[in-house]
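Next come the chains, spelled out residue by residue.
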Amino acid sequence: MPFTRITLRQGYSDAQMTQISDILQQTLEDEFTVPPGDRFQVFETLPARQRVFDHYYKSGGRSDNFVQFHILAGKPRTRAQKQSFCRVLCQRLQSALDIHPNDVMVMIQFNTADEWSFSQGQLLSEEA
């Protein structure tokens, strides 16, 4: 049940954003064992003046193609799963869209079923 906010520069085409979405979803399914229908993503495209980031902080050098993935997930994952997820995501983005791994930042947060309501005001933890 991850929810991901993807923040990137303006100028990506709809087809490119669909590719990013598909790559993210496939990587979540492969590395985090997320069910196929569990896709909740928001793309946020911003002009350069609204994206403030250090080009070199803990990176070999970010370009204006810098993409942030902020993932909120309901089930904790192991360190190995998180490492694999980040590495596979970077590899796939570079292979498919030529997004350099230096331009990919991933932030992962976890919470519990008590913090999710998918519909009708019912907490996920209330489901049978």
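Residues numbered from 1 in each chain as written. Predicted model: local features only at pLDDT ≥ 70, side-chain atom pairs only at ≥ 80, totals over all residues. Heavy atoms only, no water.

K.L.:
Is there a simple way to think about the overall build of the protein in this case?
P.N.:
A count of helical and extended segments in the protein gives two helices and six strands. Here the C-alpha radius of gyration of the protein, 15 Å, is about what a compact globule of 128 residues would show, namely 14 Å. Taken along the three principal axes of its C-alpha coordinates, the protein extends 45 × 30 × 25 Å. Across the 128 residues that make up the protein, the buried fraction comes to 34%. Summarising the internal contacts of the protein: among those between residues at least 6 apart in sequence, 72% fall at separations of at least 24. (Helix = DSSP H or I, 4+ residues; strand = E, 2+ residues; numbered from the N terminus. Rg over C-alpha atoms; globule rule 2.2 N^0.38 Å. Buried < 20%, exposed > 50% of the residue type's maximum accessible area, 1.4 Å probe, protein only. Contact = heavy atoms within 4.5 Å.)

K.L.:
Looking at this model, I keep getting lost on the packing of aromatic side chains. Mind explaining?
P.N.:
For any pair of aromatic rings, the description consists of the separation of the ring centres together with the inter-plane angle of the planes. The full count for this structure, using the stated rule, is three aromatic pairs. With 5.6 Å between their ring centres and 50 degrees between their planes, phenylalanine 40 and phenylalanine 118 make a pair best called tilted. One end of the pair, phenylalanine 40, is in the loop between helix 1 (14-32) and strand 2 (41-46); the other, phenylalanine 118, is in strand 5 (residues 117-119), with 78 residues separating them in the sequence. Using a relative accessible area of 38% as the deciding quantity, one classes phenylalanine 118 as partly exposed. The cationic tip of arginine 9 hangs over the ring face of tyrosine 12; the distance from NZ or CZ to the ring centre is 4.2 Å. (Phe/Tyr/Trp six-rings, centres within 6.5 Å; stacked < 30°, edge-to-face > 60°. Lys NZ or Arg CZ within 6 Å of the ring centre and 35° of its normal.)

K.L.:
Sorry if this is basic, but what is going on with the sheet that holds strand 2 here?
P.N.:
By definition, the strands of a sheet pair up through backbone hydrogen bonds, in either a parallel or an antiparallel sense. Ordered by their spatial adjacency, four strands build an open sheet running 2-1-3-4, and the pairing between neighbours is mixed. Both edges of this open sheet fall to strand 2 and strand 4 (104-110), since each of them pairs with a single strand only. With strand direction ignored, the average angle separating the axes of adjacent strands in the sheet is 15 degrees. Note that strand 1 (residues 3-9) and strand 3 (residues 67-73) share five bridges and pair antiparallel. Its bridge partner being in strand 3, arginine 5 is matched across the sheet by histidine 70. Each of strand 3 and strand 4 touches helix 2 (residues 79-97); the most contacted strand, strand 4, lies at about 145 degrees to it. (Pairing = 2+ DSSP bridges. Axes fitted to C-alpha atoms, helices over the stretch in contact; angles between N-to-C directions.)

K.L.:
What's the story with unusual backbone geometry in this structure? I'm lost.
P.N.:
Trans is the common state for peptide bonds, and a negative phi is the common state for residues other than glycine. Even without being glycine, threonine 33 reaches a positive phi, approximately 50 degrees. Turning to its location among the elements, threonine 33 is positioned in the loop between helix 1 and strand 2. If you check the backbone angles, aspartate 98 has positive phi at about 60 degrees while not being a glycine. The residue aspartate 98 is located in the loop between helix 2 and strand 4 in this model. We classify aspartate 98 as exposed; its relative accessible area is 65%.

K.L.:
Explain the side chain of aspartate 103 to me, please; I cannot follow it from the model alone.
P.N.:
For aspartate 103, the location among the structural elements is in the loop between helix 2 and strand 4. Side-chain polar atoms of aspartate 103 contact the backbone nitrogen of serine 63, separated by 2.6 Å. With residues near it in sequence (within four places) discarded, aspartate 103 still touches Gly61, Arg62, Ser63, Asn65, Phe66 and Val67. (Polar contact = N/O pair within 3.5 Å; in protein donor to acceptor, adjacent residues only side chain to side chain.)

K.L.:
How do you make sense of the pairing of strand 3 when you look at a structure like this?
P.N.:
A regular strand places its side chains on the two faces of the sheet in alternate fashion. Burial of strand 3 is one-sided: the residues Val67, Phe69, Ile71 and Ala73 facing one way are buried, the residues Gln68, His70 and Leu72 facing the other way are not. Across seven bridges, the pairing between strand 3 and strand 4 is parallel. Directly across from leucine 72, in strand 4, lies its bridge partner glutamine 109.

By themselves, these observations are geometric and do not establish any function.
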